[in-house]
Amino acid sequence: SSEDITFADIEARGFSGRTAVMVSGGARCGAYHTRLETLGGGGFTLYGGDRRTLTEAEHFLSQCTVHDFSRIFRTYAPAALINGCGIKVEHCDFSEASSSAMRMEGNELLVEYCRFTDLVRESDDQGGIDSWFNPTYRGNVIRYNHWENIVGGTTCGAAAVRLDDMISGFLIYGNIFIHCGGVHFGAVQIHGGKENRIENNLFVDCRAAVSFSRWGTRYTDAFAVPGSQHYDATRHKCHEEVEIDSPAWRERYPSLVRIGEDADVNTVINNIVINCEDFLVNPGEMQQTENNTIETLQD
């Protein structure tokens, strides 16, 4: 449980383990102006904060580069894994990997002013940033990042940002997506989540801006029907890992009072979409869309 430790101005290469740098617990620890490259596995792993009390770790990555990673462990070895509450990644550069550059698992996580390029070159059903199966992950923001050449996938596809299995409440704001999305995925892929907001982004030469794989009653049953496919796991995440009915959670995330309602409703507004094959893939009739500009420009 160390506090106030910073790895700074380090260059390292050639690690063969799954993770090069790990921070577990503590507060205000991270890395600044550090470069990792040619890695057998991933780069940085930051665990911290207390999700039950929404106490923020204040861990960070700033001005770091992770290049040519996941060479031995071809999947689930990202450049940065952030897990917990209150962790920030800013002004970083992640490039060249067979699968994802980041995993975001938790609450009050921020990724901003980063560059993501040439990722998910081999994996299917993955994203440059991935987040998986927890409807209580809230307060997470992905903003002002540059994404380019994330177009892999064989059956499902690859996305720049993939919100998988009930991930909800993300804000994806002010990003630039160039040549992202493959097969059935857009630059942003939402699988069974709701209350995600995709706003003020620029999409250029992408498979689509946003794609959806909707859950419908599968989502609502996970909260209301004992014995349904995800009921036990969802109850565990909502009332054992954390307690969404506690005063701290109700105050921070008032919309959780309706967590089991309005499946698949997301907001896509004020985006510019240029030379993309589609604007939305499989949106159904429930997505909230407004003031999006869609253009096809000729050479």
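In what follows, the structure referred to is the one given above.
Worth saying up front: this structure is predicted, and the values here are computed from it rather than measured.

Enquirer: I tried to follow the nonpolar core on my own but got confused; where do I start?
Expert: One broad rule of soluble globular proteins: the nonpolar side chains tend to lie buried together. Within the largest apolar cluster, 59 residues are counted, with the highest numbers of intra-cluster contacts made by Phe94, Met102, Phe116, Trp147, Phe177 and Phe203. Counting 15 residues, the second largest nonpolar core, distinct from the first, contains Phe133, Met166, Tyr219 and Cys238.

Enquirer: Looking at this structure, how should I read the packing of aromatic side chains?
Expert: This model, assessed by the stated rule, comprises 9 aromatic pairs. Summarising the aromatic geometry, the rings of phenylalanine 94 and phenylalanine 116 are spaced 5.4 Å apart at their centres and angled 50° between planes, so their arrangement reads as tilted. Within this pair, whereas phenylalanine 94 is found in strand E10 (residues 93–97), its partner phenylalanine 116 is found in strand E12 (residues 115–117), the two being separated by 22 residues in sequence. On the accessibility criterion, phenylalanine 94 (0% relative accessible area) is buried. A relative accessible area of 0% means that phenylalanine 116 is categorised as buried. Between the aromatic rings of tryptophan 132 and phenylalanine 133, the centroid separation amounts to 5.3 Å while the plane-to-plane angle is 65°, which identifies the pairing as edge-to-face. With a relative accessible area of 9%, phenylalanine 133 lands in the buried category. An aromatic cluster is built from Phe94, Phe116, Trp147, Phe177 and Phe203, whose rings are joined through pairwise contacts. Positioned above the aromatic ring of tryptophan 215 is the side chain of arginine 218, whose terminal nitrogen or guanidinium carbon lies 3.9 Å from the ring centre. Between the NZ or CZ atom of lysine 237 and the centre of the ring of phenylalanine 133, over which it lies, the distance is 4.9 Å.

Parameters and conventions
- Residues numbered from 1 in each chain as written.
- Predicted model: local features only at pLDDT ≥ 70, side-chain atom pairs only at ≥ 80, totals over all residues.
- Heavy atoms only, no water.
- Core = buried A, V, L, I, M, F, W, Y, C linked by side-chain atoms within 4.5 Å.
- Buried < 20%, exposed > 50% of the residue type's maximum accessible area, 1.4 Å probe, protein only.
- Phe/Tyr/Trp six-rings, centres within 6.5 Å; stacked < 30°, edge-to-face > 60°.
- Helix = DSSP H or I, 4+ residues; strand = E, 2+ residues; numbered from the N terminus.
- Lys NZ or Arg CZ within 6 Å of the ring centre and 35° of its normal.

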